[in-house]
Each structure stands twice: as C-alpha cells, then as structure tokens.
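Fold and geometry: a report
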Amino acid sequence: MHELRITRENARFQQWEALLGNRSKRHRNREFLVQGVRPISRAVEEGWTVRALLRSDGSSSAWADELWSRVDAEHVTLSPDLHARLSGKEEGAELVAVVEMPEDGVSRLAGTARPHGPVVVLDRPTSPGNIGTLARSADAFGASALVVTGHAADPYDPRAVRASTGSLFALTVLRVPGPGPVVEHAHAHGYRIVGTDEEGSPLADVTLDGRLMVVVGNETTGLASGWRAACDEIASIAMVGTASSLNAAVAGSIVLHEALRRRG
C-alpha cells in the first residue's frame, strides 16, 4: 500500500478538495469523498472501491486504525488543518475516503444484490439531501437500486452521501439522462411502474405486487410527462391537515414501506 504525507496544500489536495463542491470534477475523475464513520464503514463492507484513505496527522481511534490497516488503498496522512477542510463537521472523523464512482449502465440493474427488491427512481431531484434520505429509506425497506434521472442533483454530492448515513452503498446507484433506458429495462424484466402524485389513485388501491419500480417526481413540478406516460399506475397518499403535498423523499418512503408491508 502506497503511503503519502501532505503537510501543505498541493495539487493532490486541491484535487480532493474540488470533489466536495465540483460535480464536473467528481464525474470526470469518477471518484467522490465519503465522510463519517458509518458511511465509510458501509462503503468498505459493501465492496465499493476505495482509492485512498486520508488521515489526520496525530489523531487516531480503534475504528480508524483497523480500517487503515485493512483497506487496500493509497494511505495519505494530512496535516490537521488540511484534513479538517475535507472531513466535514462530524467530530472525530479521523478518516476521509476517496471512493470510486461506479458505472451508470442500466444493465447493472439486472445484477443487484437484492434482485427481488423494488427499484426507486427519483426524477429530476433538486436536493442532494432528498436523494440521501430516500436512499436511506430504500435500504431500510428492501429496495435494490436508486436511479436518478434527468437534470438533477448529484447522488455523489457529499450532502447526499451524509444524508444516506451509509445506505447509499447498499444500493445499486445509477444516473440516467431520461426515462427511456429505464422504462425499457422495466418492460423487459416484468416491472410494474408506479408513480406518485397527489392526483393519483389512493395508495391502498394501487397494485404493489411483483417486481416494482417506484417513481418519485421533482419536488416542485412532480413527474415529467415521459415518466407519467410510462407508469402503470399513479398513487396518491392520503393526508389531513393543511399540508398541500409531501416532501419527495417522504412520499417515496411511504410507498416503499407500504410495498414492504404487503410483501409481509
């Protein structure tokens, strides 16, 4: 394992720091930063490729020492001030991981670790936090994959990764420009496509059996016309009170939980 020590800002450090806020550089380099104990642990346990572990000079814990000795990746020790710029606000975040971004091919949906779990689609989400929150629910309720379509927030944004609390790494994650390839995969593999919208049929009356793809629309504009046309059914969630709509991640979570409940 190659080991490196960086005490002053240099080109390598600037490359990693750019991954925090520069989406283009993340995807051009096909790597992203993972901060925090649980997200890093889940990335390693789920077999994602760790390109580098970044450690603060002078700090240590049993968790950090164990991971440092076990993970086959470049090991980099940073000065405390440089490490703090990469590690986020979590106290005791001794490590930051540089993780390789997987390919986006729809064919990966056929090889998920949970082949019978629902596929969750987020259509043009604008909030990285919503992506991470729905990834957490998708993992909890047995989904197999998270697909982000259209012009959207980045699932590999550090805010999305943190919000998922590591669940992002338990899912097959894809970014797809539009519905077409995902709908073709759904038809070829017998998925029932269910969208969410306040004008849909009551969720209790919507079929959630068999292979299921749940589509959640944009936070403001809802489902794109292409997705709406592709859905076998549109589900609405009963509400009382003064709220006119639900957060996109909450709506998707409710449908996933209902599907899990019906599966028993």
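About the cut-offs
- Residues numbered from 1 in each chain as written.
- Predicted model: local features only at pLDDT ≥ 70, side-chain atom pairs only at ≥ 80, totals over all residues.
- Heavy atoms only, no water.
- Salt bridge = Lys/Arg side-chain N within 4 Å of Asp/Glu carboxyl O.
- Buried < 20%, exposed > 50% of the residue type's maximum accessible area, 1.4 Å probe, protein only.
- Helix = DSSP H or I, 4+ residues; strand = E, 2+ residues; numbered from the N terminus.
- Axes fitted to C-alpha atoms, helices over the stretch in contact; angles between N-to-C directions.
- Parallel < 35°, antiparallel > 145°, perpendicular 65-115°, else oblique.
- Left-handed = near helix turned anticlockwise from the far one by under 90°.
- Contact = heavy atoms within 4.5 Å.
- Nonpolar A, V, L, I, M, F, W, Y, C, P; charged D, E, K, R; others polar.
- Pairing = 2+ DSSP bridges.
- Right-handed = clockwise from strand over helix to strand, strands pointing away.

1. Some words on the pattern of salt bridges
If you walk through the whole model with that rule in mind, you get 20 salt bridges. With its nearest N and O atoms 2.9 Å apart, the salt bridge here joins R159 to D157. Judged by its relative accessible area of 8%, D157 falls in the buried class. Of the charged contacts, one joins D197 and R228 as a salt bridge, the two residues approaching to 3.0 Å between their closest N and O atoms. With D197 in strand 9 (residues 192-202) and R228 in helix 9 (residues 225-230), this pair connects stretches of sequence that are 31 residues apart.

2. Digging into the packing of helix 3 (residues 37-45) against helix 4 (residues 62-70)
Running from amino to carboxyl end, helix 3 crosses helix 4 at an angle of 30°, the nearest separation of the two axes being 12 Å. As judged from the angle between their axes, helix 3 and helix 4 are roughly parallel. Crossing of helix 3 over helix 4 shows left-handed handedness. Between helix 3 and helix 4, the residues in contact are V37, I40, S41, V44 and E45 and W63, L67 and R70, respectively. Taken together, the residues of the contact of helix 3 with helix 4 sort by class into five nonpolar, one polar and two charged.

3. Digging into the pairing of strand 6 (residues 119-123)
Across the five residues of strand 6, five count as buried, placing the element largely inside the fold. Going residue by residue along strand 6, you find V119, V121 and D123 tucked away on one face and V120 and L122 tucked away on the opposite face as well. In terms of strand pairing, strand 6 meets strand 7 (residues 145-149) through five bridges, oriented parallel. Looking at the pairing, D123 lines up with T149 of strand 7. Note on the crossover from strand 6 through helix 6 (residues 128-140) to strand 7: the handedness is right-handed. Of the strand pairs in this sheet, strand 6 and strand 10 (residues 212-216) are connected by four bridges, and their pairing is parallel. What sits directly across from V120, in strand 10, is V214.

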